[in-house]
Amino acid sequence: MSIKETIKDEAALETVIEYKIAAITAATKREVGKLEQDYAKFRRYQRIGFLLIAAAFLLPNSAVFVLEVLFVNLTNFWSTIISIIVFFVSLMLCSYFGFKFFISGSDVVRQFHAKVDTILFGGIFNLLGVTGELIEHTVVVDKKPIDGTGGKIAELIDILRAHFRSLRESPESEQVLSSLTTSELITEPFNTTHIDNVFAVDVAEKRLMVSELHLQHITGSGRSRSVKQIFKGYFVALPLKKAVSGKTFISTEGDTLGFAHQTYWSSLLQKEGKVKETKFEWNDFEELLYVATDNNREAREILTPEFMTDLYDWWKNHGKLNIRISFVGNLMYMLFPDSQIRFEKTVSKVEPKELKEYMLTIARPLLHVLHLVEDVRR
């Protein structure tokens, strides 16, 4: 039985999760155990650390203000000297203890989220009736002092290094970025990449690779800093039973900004040269779904009526967001937008309501991806 027959839409998905959530919550509590208590403790530490870091910049001005109130005749010279002394002392103390509080438990926080993700992703795969694997990227904090120098400062530097270590350093993330380039689905420039959970799903005798991806283009700094959101959602790669000799691209209608049809389409056609927009007889949605290919025969073979109908129904019912799909070589690639994806965090506590909400942020877009994948016959 296909996934579409088992869980036909989001309403059915929510019903299934609601029915299972009590058992999933109990299983999560058993697995997480004491880690949840440590997570809550270190989250408090992080809040204290944030306040201390903020105090490092606010305290000097406050101290001078108090001194001027107590000593009305304080000269500008002594006011400046005291301000400088207080600034450096508070900056060193508050920064050190602030970062120590903020980061010392970051490995516990990551472990908590990784453990929760492992349990919930497994639960989602079971609910959807598929075999799946969540690829972990938990950073292990090395508490040993760097270069054998010893001391608290060296330990803090080690923790800072581990805390800011990027997922882009992993082989899996490098593969995601390589596949993204091969897919030719992003034509806009971007310079900031955030990759979170990468997971595999076995469906229709194929191994589907999915990653949570956020792309931005950031320019300038300070008041002139500009952040352009390029894409946030799932990046999908599906092996084809038979490789295509040409290239076929699909996009949905959109505006002229960001992850949009017009910007993408014009760049794609200019870059590809041989790839041309193709018209098919798709009745109600032929003007809303766009196809470009350099091989019309292959495009007609790939793009079954079921595939295009599911794609159109998703687009129509989800705020007219823009999806992109390409068939290149022996893979189908897809950028499936979803603003609800939570990067590097899961839930604040193990409770049925929070677990259900988080599971739905994963399961809803994944359900639609799997429906589309089932329609790919090649």
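Residues numbered from 1 in each chain as written. Predicted model: local features only at pLDDT ≥ 70, side-chain atom pairs only at ≥ 80, totals over all residues. Heavy atoms only, no water.

(A) Here's a closer look at the overall build of the protein. On a plain count of helices and strands, the protein comes out with 11 helices and nine strands. Buried positions account for 47% of the 378 residues belonging to the protein. Contacts in the protein between residues at least 24 apart in sequence constitute 71% of all its contacts with a sequence separation of at least 6. Just so you have it, the protein exposes about 19,600 Å², and 56% of that area is on carbon and sulfur atoms. (Helix = DSSP H or I, 4+ residues; strand = E, 2+ residues; numbered from the N terminus. Buried < 20%, exposed > 50% of the residue type's maximum accessible area, 1.4 Å probe, protein only. Contact = heavy atoms within 4.5 Å. Areas by Shrake-Rupley, 256 points an atom, 1.4 Å probe, with all protein chains shown as cover.)

(B) Broad picture of the packing of helix α10 (residues 305–317) against helix α11 (residues 352–374). Where α10 meets α11, the closest approach of the two axes is 8 Å, and the angle between their N-to-C directions is 160°. Classed by the angle they form, the pair α10 and α11 counts as roughly antiparallel. Helix-helix and strand crossings are classified by hand; for α10 and α11 the assignment is left-handed. For the pair formed by α10 and α11, the contact residues are Phe307, Asp310, Leu311 and Trp314 on the first element and His368, His371 and Leu372 on the second. Looking at the contact of α10 with α11 residue by residue, the classes come out as four nonpolar, two polar and one charged. (Axes fitted to C-alpha atoms, helices over the stretch in contact; angles between N-to-C directions. Parallel < 35°, antiparallel > 145°, perpendicular 65-115°, else oblique. Left-handed = near helix turned anticlockwise from the far one by under 90°. Nonpolar A, V, L, I, M, F, W, Y, C, P; charged D, E, K, R; others polar.)

(C) Examining the sheet that holds strand β3 (residues 206–219) more closely. In space, the nine strands of this open sheet follow the order β1-β2-β3-β4-β9-β8-β5-β7-β6, with antiparallel pairing throughout. Of all the strands in the sheet, just β1 (131–135) and β6 (276–278) have a single pairing partner and so form its edges. Averaged over all neighbouring strand pairs, the angle between strand axes comes to 20°, with direction disregarded. The pairing of strand β5 (residues 247–252) with strand β7 (residues 289–293) spans five bridges and is classified as antiparallel. (Pairing = 2+ DSSP bridges.)

(D) Representation of the nonpolar core. Ranked by size, the top nonpolar core spans 66 residues in total, and within it Leu208, Phe307, Phe327 and Met332 carry the most contacts. If one sorts the elements of this core by residue count, α11 sits on top with 12 residues. Non-local contacts of phenylalanine 327, meaning those with residues more than four positions away in its chain, are made with Leu240, Val244, Gly246, Lys247, Thr248, Ile250, Ile302, Leu303, Phe307, Met332 and Val376. Residues Leu180, Val198, Leu213 and Leu331 belong to the second largest nonpolar core, which totals 18 residues. (Core = buried A, V, L, I, M, F, W, Y, C linked by side-chain atoms within 4.5 Å.)

(E) Layout of helix α2 (residues 10–32). The end-to-end C-alpha distance of α2, which contains 23 residues, comes to just 28 Å, noticeably less than the 33 Å that a straight helix rising 1.5 Å per residue would cover. Roughly 50° is the biggest bend found in α2, and it falls at isoleucine 21. Those residues of α2 that sit buried are Leu13, Ile17, Ile21, Ile24, Thr25, Thr28 and Val32. Near the N-terminus of α2, the side chain that reaches the backbone nitrogen of alanine 11, with its oxygen 3.3 Å away, is that of aspartate 9. Of the residues flanking the end of α2, it is glycine 33, one or two places downstream, whose phi is positive at about 55°. (Expected span 1.5 Å × (residues − 1). Bend = angle between axes of the 7 residues up to and from the residue. Polar contact = N/O pair within 3.5 Å; in protein donor to acceptor, adjacent residues only side chain to side chain.)

(F) Structural context of the environment of glutamine 216. Inspection of the secondary structure assignment puts glutamine 216 in strand β3. Placed 16 residues apart in sequence, glutamine 216 and lysine 232 show a C-alpha to C-alpha distance of 8.7 Å. Beyond its immediate sequence surroundings of up to four residues, glutamine 216 is in contact with Phe190, Asn191, Thr192, Val227, Lys228, Gln229 and Ile230. Engagement of the side chain of glutamine 216 in a polar contact is seen with the side chain of glutamine 229, the distance being 3.3 Å.

(G) Up close: the packing of α2 against α11. Contact geometry for α2 and α11: axes closest at 9 Å, N-to-C directions at 135°. Classified by the angle their axes make, α2 and α11 are oblique. Relative to α11, α2 is oriented so that their crossing is right-handed. In this structure, α2 uses Glu10, Leu13, Glu14, Ile17, Glu18, Ile21, Ile24, Thr25 and Thr28 to contact α11, whose residues at the interface are Pro352, Leu355, Lys356, Met359, Leu360, Ala363, Arg364, Leu367 and His368. When the residues that make up the contact of α2 with α11 are grouped by side-chain class, the tally is 10 nonpolar, three polar and five charged.

(H) Looking closely at the pattern of salt bridges. This structure, assessed with the given rule, holds 10 salt bridges. Here lysine 356 ties to glutamate 14 by a salt bridge, and the two come within 3.6 Å at their closest N and O atoms. You can see lysine 356 sitting in helix α11 and its partner glutamate 14 sitting in helix α2, a full 342 residues away along the chain. For glutamate 188, the salt bridge is made with arginine 324, and the minimal N-O distance between the two is 3.0 Å. In this pair, glutamate 188 sits in the loop between α7 (171–183) and β2 (192–203) while arginine 324 sits in strand β8 (residues 324–328), placing the two residues 136 residues apart along the sequence. Residue classification places glutamate 188 among the buried residues on the basis of a relative accessible area of 5%. Take arginine 324: its relative accessible area is 2%, and that puts it in the buried class. (Salt bridge = Lys/Arg side-chain N within 4 Å of Asp/Glu carboxyl O.)

(I) Structural detail: the packing of aromatic side chains. Evaluation of the coordinates by the stated rule reveals six aromatic pairs. A ring pair is formed by phenylalanine 125 and phenylalanine 199, whose centres lie 6.0 Å apart and whose planes are at 45°; its orientation type is tilted. Of this pair, phenylalanine 125 sits in helix α5 (residues 106–128) while phenylalanine 199 is found in strand β2, placing the two residues 74 residues apart along the sequence. A relative accessible area of 3% places phenylalanine 125 in the buried class. (Phe/Tyr/Trp six-rings, centres within 6.5 Å; stacked < 30°, edge-to-face > 60°.)

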